[in-house]
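A closer look at the structure
The residues making up each chain are set out below.
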Amino acid sequence: MVTREERIEQLQKRPKKGVFRLLWAAAAGLGLGWWIYANASLPLLALFFFFTMTAVPFSFITWQKTRTLLTFNDNRSYQRLIRAKGVIAIAMLWGMLGLMFGYVSGFFALSMFSGLSATLIAGMLVIETWLDSRLLRIDHEHVTDSLLGFTKRERLKRSWDQK
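Described below are features of the structure shown in this document.

So, how was this worked out
- Residues numbered from 1 in each chain as written.
- Predicted model: local features only at pLDDT ≥ 70, side-chain atom pairs only at ≥ 80, totals over all residues.
- Heavy atoms only, no water.
- Helix = DSSP H or I, 4+ residues; strand = E, 2+ residues; numbered from the N terminus.
- Contact = heavy atoms within 4.5 Å.
- Phe/Tyr/Trp six-rings, centres within 6.5 Å; stacked < 30°, edge-to-face > 60°.
- Buried < 20%, exposed > 50% of the residue type's maximum accessible area, 1.4 Å probe, protein only.
- Polar contact = N/O pair within 3.5 Å; in protein donor to acceptor, adjacent residues only side chain to side chain.

Notes on the environment of Ser117
Position of Ser117 relative to the elements: it lies in helix 5 (residues 110-138). Separated by 57 residues in sequence, Ser117 and Phe60 have C-alpha atoms that sit 23 Å apart. Here Ser117 is in contact with Met96 and Leu99, once residues within four sequence places are set aside.

See the structure below:
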């Protein structure tokens, strides 16, 4: 069984080459989208570039994190819940971007967009909390997103203190 500290280490180390490629692809997509938008041609196409070039890298990072979490425990219930958590996170990202696209294209009014966004975010928080509590019952060494963020902030503080 892998300890919580070892899990945090594995989740925080990312392949440098893959991250650079994702950042480069995101920057290229944002630049291309901005160029199309600035030239006042096909604003919806520009929005499509903005959204896909931000959502695809984040979806890939979430997928990588899900794959890493799956290696920590062989329990079928644990793996099923981890997969569900990954799919829900990616669906939330694309759902929010779809709502933004609907608002910008004029399909939603601002009040409808705000209400749907708040409902989607609140639902996601409730589902994530419920999944994390179930995962912690199955595996006491499970690393939640809040713990991962906390350790990243603490390491950053320590590195600043050392300088």
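Side note on the packing of aromatic side chains
In the structure shown here, the tally under the stated rule is three aromatic pairs. Ring centres of Tyr103 and Phe113 lie 5.2 Å apart, and the angle between their planes is 20°; this geometry places the pair in the stacked category. Taken as a pair, Tyr103 in helix 4 (residues 76-104) and Phe113 in helix 5 lie far apart in primary sequence, 10 residues in all. The exposure class of Tyr103 is partly exposed, given its relative accessible area of 33%.

Concerning the side chain of Ser59
Position of Ser59 among the secondary structure elements: in helix 3 (residues 43-70). A distance of 2.8 Å separates a polar atom in the side chain of Ser59 from the backbone oxygen of Ala55. For Ser59, the residues in contact, after removing those within four places along its chain, are Ile90, Leu93 and Trp94.

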